[in-house]
Structure formats: structure tokens, C-alpha cells
Amino acid sequence: MRFTKDHEWVELSGDIATIGISAYAANALGDVVFVETPEIGKAVKAGDGFAVVESVKAASDVYAPVSGEVVEANGALSDTPEMVNQDPEKDAWFAKVRVSDPAEVEALMDRDAYEAFLATL
Amino acid sequence: MADDLKSTVLHDAHVALGARMAPFASYNMPIQYPDGIMAEHKWVRENAGAFDVSHMGPFFLTLNARSGDHEADHAAIAAIAETLGPRDLTGLKPGQIRYTVLLNEDGCMIDDLMVARPLIPERAGMLYVVVNAGGKERDFSLFEAAAAGKATLTRADDRVLIAVQGPQAAAVVAEIFPEAAALGFMTLMRLEYEGEGVVISRSGYTGEDGFEILVMPGVALSFWNQLLSDPRVKPIGLGARDSLRLEAGLPLYGHDADETVSPIEAGLGMAVSPSRRRKGDFPGAARIERELSGGLTRVRAGLLVEGAPAREGAEIADASGAVVGIVTSGGFSPSLGRPIAMGFVPPALTEPGTKLSVIVRGKAQAATVTAMPFVPHRYYRKALETV
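Keep in mind that this is a model prediction, so the values were computed, not measured.

Points about the sheet that holds strand E4 (residues 32-36) of chain A
Residue and element names in this part refer to chain A.
- Strands sit in the order E4-E6-E7 across an open sheet of three strands; the sheet is antiparallel. Two strands lie at the open edges of the sheet, namely E4 and strand E7 (59-63), each paired on one side alone. Across the sheet, the mean angle from the axis of one strand to that of its neighbour is 25°, orientation sign disregarded.
- Sheet analysis places strand E6 (residues 49-55) next to E7, joined by five bridges and oriented antiparallel.

In C-alpha cells:
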């Protein structure tokens, strides 16, 4: 699993990247009450806003960690957005993207580097 | 900027409790504790919560020369405060609190506030006032100018103001202040805590029964800790305070009202006393009269929102898609488990059940007008009627 400085995670399997937000991000947001996942077929570019997560207090953008095409969105999040707090780095994935450049994933932080980054915040 | 932030006396206690602190009205305030906004909100609806609201602006306004005739002295101090707003304050009975607003010459709101007359007869000629944090310095100046040397303003914002709110608040507070059980909604009394004077009022901004208690800084930590030692009480941050007042349909100054919004538009007509309306002797009276006589173009309404929460600034559209208004406060209602909002719409569109939409991230979402409060108030009302 790889991480961005904006606290998204990516798990690459073949050319399909599963994307979510980190446990740190979920905790910082507080109780998640709404998730807007991207439309299937949408072309995304690394760094673009591609989903929205809302807590009681505010809406926050989720940025695409990699470029590619959205091939699947996690429909369960619309009925049970609280999954993002309960299991952010597994069941509460946001979307799957067919990556155009797997090297983008390799360039992201691994867990140790991400933990070290969190320690600087 | 962070260097300019003020802290309340309870700052270290909040940090020790694990609070997430953030700037609010130039104070470093607890936004939430480790339980989080959702759990804190529900705790207040079911048990009792303690809120540090020491950023607010409590003060006393005291007549410089009292006659000793209690009613005459009260009338004299009330007359000073009445020059700033549209509500009758002369008629305040001893121990009674009224909600009112400060108006500019356009009849729009400079602030909203609570004004009370002391219960003790000998203290007549004094008002206890609590204004919002954001504009308190200017509010103090307005009252001092209105007093014109005839009364003295004594700030009390160096003290600690703690709200205890929720269905268990009365039982919790009665263990510390048995006399306070006699208070009805919107009344107050002076008591003592560890030998220091305390102003305790049965009031609040959550829609629940509860109290707001002004304590001296030296005993504040002891009082706060005593409250929290009661298993029915949890500390509650400003995040849940906001979602609680939203569900209660209560406007928040700076969001649902400001210097371009009249109290009639804000749905605060009760702050305009009939006697004052007849006299028209307050700033902006002509506009208030015009709006009360059918000339109102927009009014605050409640919305049940489908889909994503509609936040402050989201546009409101009618069935044809035309933009007719704007959301002034909106978010997720923990009690209802759905998004709710309030905002300005034309009076013709305020009938409950009216189908509107809110524009969130460029997309129209269904929204239905509903009567406020969204969650019923549970104030402890006694016989004393307010006008």
C-alpha cells in the first residue's frame, strides 16, 4: 500500500489501483456522514479532486493519487458512510482506477515513509 | 495570528481532556473532544453536556445614580438598553431574561443577545447582558455610548461561562445548586460557589433544558471538574454546539444573521415587542414596520435536504430551477440522521412541504421546506410569560 501527502492510499493489483483515505485522515475528519464517489468511466489525473467526503462539520476533497480511468466505485459508502471511520484502509475503499502509468504508484510513500511523514505534522 | 489568540481559563483542562482546539472568534476553543461531534451531540440530547462558552461577552450595566425606587431604577437602566433594539426591556420582571437584538439604522442586526434583570430587588438599576463573542468589543462600545455617562459597563468576560445542557442538566445542577431547581426557562438568580458569586440562568442554545453559569475565574476549574465528575455529564465542544443549535432551528449570528439581515427576515419577530413597534422608537424602525406590514422579501426557512449536506453559501432554487435564495447554515443532523439546512427564501415559498432544491457542487438536490425547530425544544417552562 502506498500513500500520498494528502492522505489517500493506493493498493495496486495488476493495472487496477484501489484508492481510499488513510486511517489518519478518517480520524482527522471525524464522523463521516456522506461520501461522493467518482462516476465510472471518468478519466482522472493525479492530483485532481475525484471524490468528496463530508463530516458533520465540513466537506473535504479527496484527490486522485494516480492517473487513469475509474472502473468501479464503492456503492456501499452511500448507504453506510460511517464505514470510512470503521475500516478506512480496507472495506471503505472509494474507487478503483485502471492506471495509465504504474510508475506513479511507485513514486508514492510506502507505509514507513508515510508514518514518518505523519510524525512531522 | 496564533499569537493573538486568547484562551479561556479552562484551556489547559480542555487540552488535558484531549480536545481538538481551533480558533473561534479570536479565542482558542475546544471544537470537539475524543468522542467526536456525533457522539457529543447525541449525549447532550440524552444526558447532559458541559460547554465552555467563555469567549462570549457577558457584562453588567449599572445605573450610576440609583433612586432606591426599584421600579424607577429598573426603568431608567432599561431605557438606556432599549435605545439599541426593538424589544421591551422595561417590562422585565425581577429575575427575567429576554432575547433581543441590536439594530443599525437600516433595521439590520448588529448582534443578538440576552438581557436580564437581577432577581434581588435591591439590585434593580442593573442589567446582566450576554452578547456574542465575535462583535463583543463593539457591542460594549455601543452600550457605553448609549449609557452616556448615566450608567457604567462592567465587563465580565474575564470570568468563565459554562453551559450545562440536556435532559439531565437540571438533576446535575441541582446537586450543586439546589436553589436553581426553582428557575424556569429564561430566568436567573445569583448564587455562590466556594464563596464566590455565580450568575445562573436557565437558558441555552441547544433546544434542551439547561443552564448557563457565570463563575469567577478562581473557582472555575473546580466547578468544571465537579460538573465532569458527574457520570451524566460529558464535555462538549463547539462543533456539537453548532449542530445542536441548527437542529433547534436557532440562528447563529455571523451566519444566519448579520448587518444586512433584519430580525424579521431572520425569523426573530419575537424580538420586536408590540409596544415598541407602536412607538417605532428604535434604529431602523421604518424597515421593521414595512416588513411586518407585508413588505418582506425573504425570510429564514428550514430545509430537509436529500443527498449531500448543503453548507453555508449553497444556492436554493425553486421547482423551475430559478435561484431564489441561499443556505445560511447547513450540515448533518445527528438526531435525524440526515442533512438539514436553513436559509433565506421568498415568503411565498415558506409553506412546509414546498419542494425546492439546493445546489451542491453544481448539482441540484431535492430539498423540502419544513417547520423549525427540526428537533422539538424541551425547555423547562414555568408560568412566567414573556412578551
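Some words on the packing of helix H2 (residues 37-46) of chain B against helix H7 (residues 238-247) of chain B
Residue and element names in this part refer to chain B.
- One way to put it is that H2 packs onto H7 with a least axis distance of 9 Å and a crossing angle of 55°. When the axes of H2 and H7 are compared, the pair comes out oblique. For the pair H2 and H7, the crossing hand works out as right-handed. The residues of H7 that touch H2, namely those facing Ile37, Glu40, His41, Val44 and Arg45, are Gly239, Ala240, Ser243, Leu244 and Glu247.
- For the contact of H2 with H7, the residue count by class is four nonpolar, three polar and three charged.

Focus on the environment of Asn85(A)
All names here are of chain A.
- As for its placement among the helices and strands, Asn85 is situated in helix H3 (residues 83-86).
- A relative accessible area of 30% means that Asn85 is categorised as partly exposed.
- For the pair Asn85 and Ala17, spaced 68 residues apart in sequence, the C-alpha separation works out to 21 Å.
- Leave out the neighbours within four places in its chain, and Asn85 touches Ala26, Gly30, Asp31 and Val32.
- Polar side-chain contacts of Asn85 include one of 2.8 Å to the backbone oxygen of Gly30.

Structural notes on the packing of aromatic side chains
- By the definition in use, this model includes nine aromatic pairs over all chains.
- Aromatic pair Phe59(B) and Phe143(B): ring centres 5.0 Å apart, planes at 65°, arrangement edge-to-face. In this pair, Phe59(B) sits in strand E4 (residues 57-63) while Phe143(B) sits in helix H4 (residues 136-147), placing the two residues 84 residues apart along the sequence.
- For Phe59(B), a relative accessible area of 0% gives the class buried.
- Each residue in the set Phe3(A), Tyr114(A) and Phe117(A) is aromatic and connected to the rest through ring pairs, giving one cluster.

Definitions and cut-offs
Residues numbered from 1 in each chain as written. Chains lettered and ligands numbered in written order. Predicted model: local features only at pLDDT ≥ 70, side-chain atom pairs only at ≥ 80, totals over all residues. Heavy atoms only, no water. Pairing = 2+ DSSP bridges. Helix = DSSP H or I, 4+ residues; strand = E, 2+ residues; numbered from the N terminus. Axes fitted to C-alpha atoms, helices over the stretch in contact; angles between N-to-C directions. Parallel < 35°, antiparallel > 145°, perpendicular 65-115°, else oblique. Left-handed = near helix turned anticlockwise from the far one by under 90°. Contact = heavy atoms within 4.5 Å. Nonpolar A, V, L, I, M, F, W, Y, C, P; charged D, E, K, R; others polar. Buried < 20%, exposed > 50% of the residue type's maximum accessible area, 1.4 Å probe, protein only. Polar contact = N/O pair within 3.5 Å; in protein donor to acceptor, adjacent residues only side chain to side chain. Phe/Tyr/Trp six-rings, centres within 6.5 Å; stacked < 30°, edge-to-face > 60°.

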